[in-house]
Amino acid sequence: MTQNTRTRRVAAAAGRLLPDEAGPGRILRAVDRLERFSGADRMLDKIRDAVRGVPLGPVRDGLHGRWLGHPVHPLLVQLPIGSWLSAAVLDFIPGQRRAVRTLIATGLLSATPAAVSGLVDWAELHRQQMRVGAVHATANMAALALYTGSLTTRLRGREARGKLLGLAGLGAVAAGGALGGHLAYRQASGANHAEHVPHLVSPGWHPVAELADLPDARPVQREIDGIAVVVVRQGPRTVYVLAERCSHMAGPLSEGTVENGCLRCPWHGSVFRLSDGWNVQGPATAPQPAFDTRIVDDRVEARLRTS
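Residues numbered from 1 in each chain as written. Predicted model: local features only at pLDDT ≥ 70, side-chain atom pairs only at ≥ 80, totals over all residues. Heavy atoms only, no water.

Engineer: I keep staring at the sheet that holds strand β3 (residues 227-233) and nothing clicks. Help me out?
Structural biologist: Sheets are built from strands paired through backbone hydrogen bonds, the pairs being either parallel or antiparallel. Sheet architecture is open: six strands sit in the order β1-β10-β9-β4-β3-β2, paired in antiparallel fashion. Edge strands, defined here as strands with exactly one partner in the open sheet, are β1 (206-210) and β2 (220-224). On average, each strand axis in the sheet is inclined to that of its neighbour by 35°, with strand direction left out of account. One ladder, built from five bridges, connects β2 with β3; its direction is antiparallel. Bridging from a neighbouring strand, isoleucine 224 pairs with isoleucine 227 of β3. (Pairing = 2+ DSSP bridges. Helix = DSSP H or I, 4+ residues; strand = E, 2+ residues; numbered from the N terminus. Axes fitted to C-alpha atoms, helices over the stretch in contact; angles between N-to-C directions.)

Engineer: What is the right way to look at unusual backbone geometry in this model?
Structural biologist: Note: most residues except glycine have negative phi, and most peptide bonds are trans. A cis amide bond, omega 15°, links glycine 282 with the succeeding residue proline 283. With respect to the helices and strands, the residue proline 283 is situated in the loop between β8 (279-281) and β9 (290-296). Phi is positive for alanine 188, which is not a glycine, with a value near 60°. Residue placement: alanine 188 occurs in the loop between α9 (159-186) and α10 (197-200). One non-glycine residue, aspartate 298, adopts positive backbone phi at about 60°.

As structure tokens, then:
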């Protein structure tokens, strides 16, 4: 077999792994099958319920990243990944044993808050995301075990084995990172599911509903420019309008409950202030698009609030 033939065969095999004009490729098909695998759902439900049951109070919103305006987990994972990647580079440079050990230890320490924030986010995902997220977490736990073994082995003077364990750990981190990217970008985990609303609603006032048709203190769904909104009337002539789909996971706010001037999402419990859409409680990290309202001849009109 010639070298060119070998090269073509390797290229063809690699090509079958990746998407092309013929289809999604083996890797993406495997992840899609993972999304549909239901064999571990009962165990995942128990873990989810346990995570939700931990009395974290306001710390839970902090771990979600409400203070940051988007999930904090992607930010926290930069330190362990960066530390371990740097350690792998320094492993090929003589005289860097102490620096490599320091970097591995830094990665192990910083992985804990990253893992906790990811676990809290994971407990508020939908079923298909939870399945992929569980394998993502498993890959990262394998990386933790491998890097713990790498550091322990190095401290015992067995550098060669420590390097091999470190490279294996980096491979596990890469696999977990790829699944994390699938979660974030293909499955839209952590994305703002209401971000599109300000770009689709045209400027100006739009008719929403007849005032007499709106029940008091009960959310109802209406449309503005083909975009679903939730409308809440409180009192004789006070009406609030927000985007209908929750910014967290697109839950239907019209099926939620009105509580103390706020609207609670029925899916994961995010709470939005009716007056301006502010997310007063997570897991939502982004506010809800809000509309100014007015009543003209007993007809409610609304326009998108731009500031």
